[in-house]
Amino acid sequence: MAASTRSQVISLYKIMLKESSRFPSYNYRTYALRRVRDAFRANREVEDPKAVERLMDEGEQMLALIQRQVSIGKMYEAQRTVVDAP
Amino acid sequence: MIKNIQMFSYNMAARVLQQCVRSLGRPSLRLCPVNLALRAAVAPAVTVHRPFSFAADSRRTRWLGQSRISSVGLLCRQYGDLPPLTLETIKDRVLYVLKLYDKINPEKLQVTSHFMKDLGLDSLDQVEIIMAMEDEFGFEIPDAEAEKLMTPEEIVQYIADKKDVYE
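Remember, it's a predicted structure, so these values are computed and weren't measured experimentally. (Residues numbered from 1 in each chain as written. Chains lettered and ligands numbered in written order. Predicted model: local features only at pLDDT ≥ 70, side-chain atom pairs only at ≥ 80, totals over all residues. Heavy atoms only, no water.)

Helix and strand counts for chain A stand at three helices and zero strands. Along chain A, helices and strands appear, N-terminal first, in the series α-α-α. Across chain A, the fraction of contacts at a sequence separation of at least 24, relative to all contacts at a separation of at least 6, is 72%. Surface summary for chain A: the accessible area is close to 6,000 Å², and the carbon and sulfur share equals 55%. (Helix = DSSP H or I, 4+ residues; strand = E, 2+ residues; numbered from the N terminus. Contact = heavy atoms within 4.5 Å. Areas by Shrake-Rupley, 256 points an atom, 1.4 Å probe, with all protein chains shown as cover.)

If you want it as structure tokens, here you go:
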């Protein structure tokens, strides 16, 4: 398997941010966005290819988790609160 | 992201409606020629996508033409659409979105300031900026082209290319 390139990391970041912003619930949405941003920023300096590979795999799993939770959240949507967009 | 697009189209729709209401206050004679020109321009596009409705429209216009109603306003067809993009409005919107981003200092922001060299952002911030532009203008920017956009000027040029805005 080829080592994760810079562009793959960038696309994963973009896809995760897009998916996180689809959460219906304000709390989950803001937490997911903040967590994705912080995690990618914290691991910015990692150079070892194996560590990068491992982090990318973890990111893919987190992306799948976010997608599942977004679907569940959309199925059982609660009443809109004041902070949600109209 | 879908909600942002809905918010954006809601805002734009509200602005268009306001413009329509204001323009209806003026004499309708001025409004009509513009809409006839619009109708002529849009009619070919309408035929391509929906031939049935164009046939219905031509039948309707023929009926209206024969009956000659005194009020000129009824002969005009109004189409709902966003206000046309110009280079100036694109530039204003791009700079507005960039000023809202908290990692950018609004005083230092120029049209030609490079994100990485002048403003000290990194590639992750650039991704977030491009996503904000996608939300603002309502169309997807592929990753391959997104990573090349490094100044507000380039973003304006790219959007003008994609939206066929001529200078």
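Don't stop here, the text continues.
Looking only at helices and strands, chain B has seven helices and zero strands in total. Counted from the first residue to the last, chain B has its helices and strands arranged as α-α-α-α-α-α-α. Looking at chain B as a whole, 34% of its 167 residues are labelled buried. In chain B, once contacts between residues fewer than 6 apart in sequence are set aside, the share between residues at least 24 apart is 57%. As presented, chain B carries roughly 10,800 Å² of accessible surface, and 60% of it is formed by carbon and sulfur atoms. (Buried < 20%, exposed > 50% of the residue type's maximum accessible area, 1.4 Å probe, protein only.)

Time to look at unusual backbone geometry. Residue and element names in this part refer to chain B. A positive phi angle, near 55 degrees, is found at D164, a position not held by glycine. Of note, D164 is situated in the segment after α7 (152-162). Residue D164 is classed as exposed on the basis of its relative accessible area, which comes to 52%.

Note that soluble globular proteins tend to have their nonpolar side chains buried in a common cluster. Formed by 25 residues in total, the largest nonpolar core has its most connected members in I90(B), V94(B), L98(B), I104(B), I129(B), M133(B) and I155(B). Where this core is concerned, the elements lending two or more residues are α4 (87-100), α5 (123-137) and α7 of chain B. Excluding residues that lie within four positions of it along the chain, V94(B) makes contacts with M133(B), F137(B), P152(B), I155(B), V156(B) and I159(B). Grouped together as the second largest cluster of nonpolar side chains are 18 residues, M16(A), I66(A), L124(B) and V127(B) included. (Core = buried A, V, L, I, M, F, W, Y, C linked by side-chain atoms within 4.5 Å.)

Attention now goes to the interface of chain A and chain B. With 20 residues of chain A at the contact, the number on the chain B side is 20 residues. Counting the surface chain A buries against chain B, the share from its top three residues, K14(A), K18(A) and R41(A), is 34%. Where chain A touches chain B, the interface holds nine salt bridges. A salt bridge links E128(B) to R41(A); the nearest nitrogen and oxygen atoms lie 3.9 Å apart. Among the elements of the structure, α1 (6-20) and α2 (26-42) of chain A are those that each provide at least two residues to the side of chain A that touches chain B. (Buried area = accessible area lost by both parts, 1.4 Å probe. Salt bridge = Lys/Arg side-chain N within 4 Å of Asp/Glu carboxyl O.)

We now examine the confidence of the model for chain B. It should be kept in mind that the predicted coordinates are not to be read in detail where pLDDT is low. Residues and elements named next belong to chain B. Averaged over chain B, the pLDDT score is 74; the fraction of residues at 70 or greater is 56%. Taking the mean pLDDT of every element in chain B, the minimum, 45, falls on helix α2 (residues 28-49) and the maximum, 94, on α5. For the stretch residues 27-56, pLDDT sits under 50, and the model shows 20 contacts to residues farther than four places along the chain or on other chains. (pLDDT = per-residue confidence, 0-100.)

Evaluation of the coordinates by the stated rule reveals 14 salt bridges over all chains. For E45(A), the salt bridge is made with R44(A), and the minimal N-O distance between the two is 3.8 Å. Relative accessible area serves as the criterion here: at 56%, E45(A) is assigned to the exposed category. Residue R44(A) is classed as partly exposed on the basis of its relative accessible area, which comes to 43%. Taken together, the shared-partner salt bridges connect R37(A), R41(A), R44(A), E45(A), K103(B), D122(B), D125(B) and E128(B) into one network.

The subject of this paragraph is the packing of α4(B) against α7(B). All names here are of chain B. Remark: α4 packs on α7, axes separated minimally by 10 Å, with the N-to-C direction vectors making an angle of 135 degrees. Comparing their axes, α7 and α4 come out oblique. The handedness of the crossing between α4 and α7 comes out as right-handed. Between α4, through L87, I90, K91, V94, L95 and L98, and α7, the contact on the second element is made entirely by P152, I155, V156, I159 and A160. Taken together, the residues of the contact of α4 with α7 break down into 10 nonpolar, no polar and one charged. (Axes fitted to C-alpha atoms, helices over the stretch in contact; angles between N-to-C directions. Parallel < 35°, antiparallel > 145°, perpendicular 65-115°, else oblique. Left-handed = near helix turned anticlockwise from the far one by under 90°. Nonpolar A, V, L, I, M, F, W, Y, C, P; charged D, E, K, R; others polar.)

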